[in-house]
Amino acid sequence: MRESDSSLQTFELPSGVDPEAWSLTVTGVVEQAIEFDTSKLYELEFSTVDDDFTCLEGWTAKGLEWRGVPIEALISRAQPTSEAAYGLVHGMDDNYACGFELDRLFDGLLALKLDSDPLPVEHGGPARLVLPDDKSDCYESVKWATWLEVLDQPPTEHDTAADIALNRIE
Ligand SMILES: Nc1nc2c(c(=O)[nH]1)N[C@H]1C(S)=C(S)[C@@H](COP(=O)(O)O)O[C@H]1N2
Ligand SMILES: [Mo]
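First, a word on what this report is: a plain description of the structure on this page. (Residues numbered from 1 in each chain as written. Chains lettered and ligands numbered in written order. Predicted model: local features only at pLDDT ≥ 70, side-chain atom pairs only at ≥ 80, totals over all residues. Heavy atoms only, no water.)

### Some remarks on the pattern of salt bridges
Then step 1. Considering all chains together, one arrives at two salt bridges under this definition.
Then step 2. Close ionic contact of Asp133 with Arg104 constitutes a salt bridge, the shortest N to O distance being 3.4 Å. Separated by 29 residues along the polypeptide, Asp133 in the loop between β9 (128-130) and β10 (147-151) and Arg104 in helix α3 (residues 102-106) bring together distant segments of the chain.
Then step 3. For Asp133, a relative accessible area of 26% corresponds to the partly exposed category.
Then step 4. The salt bridge partner of Glu140 is Arg104, with a shortest N-O separation of 2.8 Å. On the criterion of sequence distance, the pair formed by Glu140 in the loop between β9 and β10 and Arg104 in helix α3 is long-range, its members being 36 residues apart.
Then step 5. Among the residues examined, Glu140 registers a relative accessible area of 8% and is labelled buried. (Salt bridge = Lys/Arg side-chain N within 4 Å of Asp/Glu carboxyl O. Helix = DSSP H or I, 4+ residues; strand = E, 2+ residues; numbered from the N terminus. Buried < 20%, exposed > 50% of the residue type's maximum accessible area, 1.4 Å probe, protein only.)

### Considerations on the sheet that holds strand β6 (residues 97-101)
Then step 1. On the basis of which strands lie adjacent, the open sheet formed by five strands has the order β2-β1-β10-β5-β6 and mixed pairing. Of all strands in the sheet, those with a lone pairing partner are β2 (34-36) and β6, marking the two edges. Taking the axes of each pair of neighbouring strands and ignoring which way they run, one obtains an average angle of 20° across the sheet.
Then step 2. With five bridges joining them, strand β5 (residues 86-90) and β10 adopt antiparallel strand pairing. From the neighbouring strand, Val89 faces β10, where its bridge partner is Leu148. (Pairing = 2+ DSSP bridges. Axes fitted to C-alpha atoms, helices over the stretch in contact; angles between N-to-C directions.)

### Quick word on the side chain of Asp93
Then step 1. Position of Asp93 among the secondary structure elements: in the loop between β5 and β6.
Then step 2. The buried charged residue Asp93 lacks any salt bridge partner; its closest oppositely charged side chain belongs to Arg168, at an N-O distance of 6.9 Å.
Then step 3. Setting aside residues up to four positions removed in sequence, Asp93 forms contacts with Pro14, Ser15, Val17 and Trp144. (Lys, Arg positive; Asp, Glu negative; His and termini not counted. Contact = heavy atoms within 4.5 Å.)

### Considerations on the nonpolar core
Then step 1. Leu74 and Ile75 are the most contacted members of the largest nonpolar core, which has 37 residues in total.
Then step 2. Breaking this core down by element, the ones donating at least two residues are β1 (24-28), β2, α2 (71-77), β6, α3, β7 (109-114), β10 and α4 (161-169).
Then step 3. Dropping the residues within four chain positions of it, Ile75 is found in contact with Val26, Pro80, Leu102, Leu105, Phe106, Leu148 and Val150.
Then step 4. Counting 14 residues, the second largest nonpolar core, distinct from the first, contains Val49, Ala61, Leu119 and Val130. (Core = buried A, V, L, I, M, F, W, Y, C linked by side-chain atoms within 4.5 Å.)

### Details of the site of ligand 1
Then step 1. Taken together, 19 residues lie around ligand 1, and Gln9, Asp93, His123, Ser141 and Lys143 are the ones closest in.
Then step 2. Residue Arg128 places a side-chain N or O atom 2.8 Å away from an oxygen atom belonging to ligand 1.
Then step 3. When the free accessible area of ligand 1 is taken as 530 Å², the share hidden by the protein chains comes to 98%.
Then step 4. Judged by its atoms lying within 2 Å of the grid points, ligand 1 is housed in the largest pocket.
Then step 5. Of the residues that constitute the shell around ligand 1, the class distribution is 11 nonpolar, three polar and five charged. (Near = heavy atom within 4 Å. Polar contact = N/O pair within 3.5 Å; in protein donor to acceptor, adjacent residues only side chain to side chain. Areas by Shrake-Rupley, 256 points an atom, 1.4 Å probe, with all protein chains shown as cover. 1 Å grid on protein atoms, 1.4 Å probe; cavity = no way out; pocket = protein on both sides within 12 Å on 5 of 7 lines; lining within 4 Å. Sits in = over half its atoms within 2 Å of the grid points. Nonpolar A, V, L, I, M, F, W, Y, C, P; charged D, E, K, R; others polar.)

See below:
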């Protein structure tokens, strides 16, 4: 389905990434913090996002089919309070986290499948954030997404994804 010269790149797995230890938690300004394992997520309704993926380093992976659970469905189950306005999505790799306005994050997908197969660990499996909008940056697609932190304030010092990703380019 995908051409070998236009697929996702494979990077070394960072420390902290352990698919066996993975679960997804939703915490923060919510009525009820919740935790999902993969079997619980597979019970929920899946959506599809078809998209190319472009990295700021200058490569593009064409025609990817992501399948998974809409972020809105996951966060809604935790019942965000009226103060909820931002979300910080944490990866399993040490310190990697990316912040969003909640409205925008709600349009994202927690992808569990890529091109009909379970998402491989080197591409963020078990679960990766995929934003369907054209204006998203590569580093916003958080691999090994393990913690959705709902916030009332814009995340600042813990919002590390852009710095980590852009450092890799230099
Ligand atoms: N958790 C985590 N997610 C991440 C990154 C990372 O270092 N850690 N790098 C980002 C960047 S800059 C890119 S280009 C893509 C790379 O995806 P790939 O490894 O599937 O090619 O993952 C993004 N998501
Ligand atoms: Mo990137």
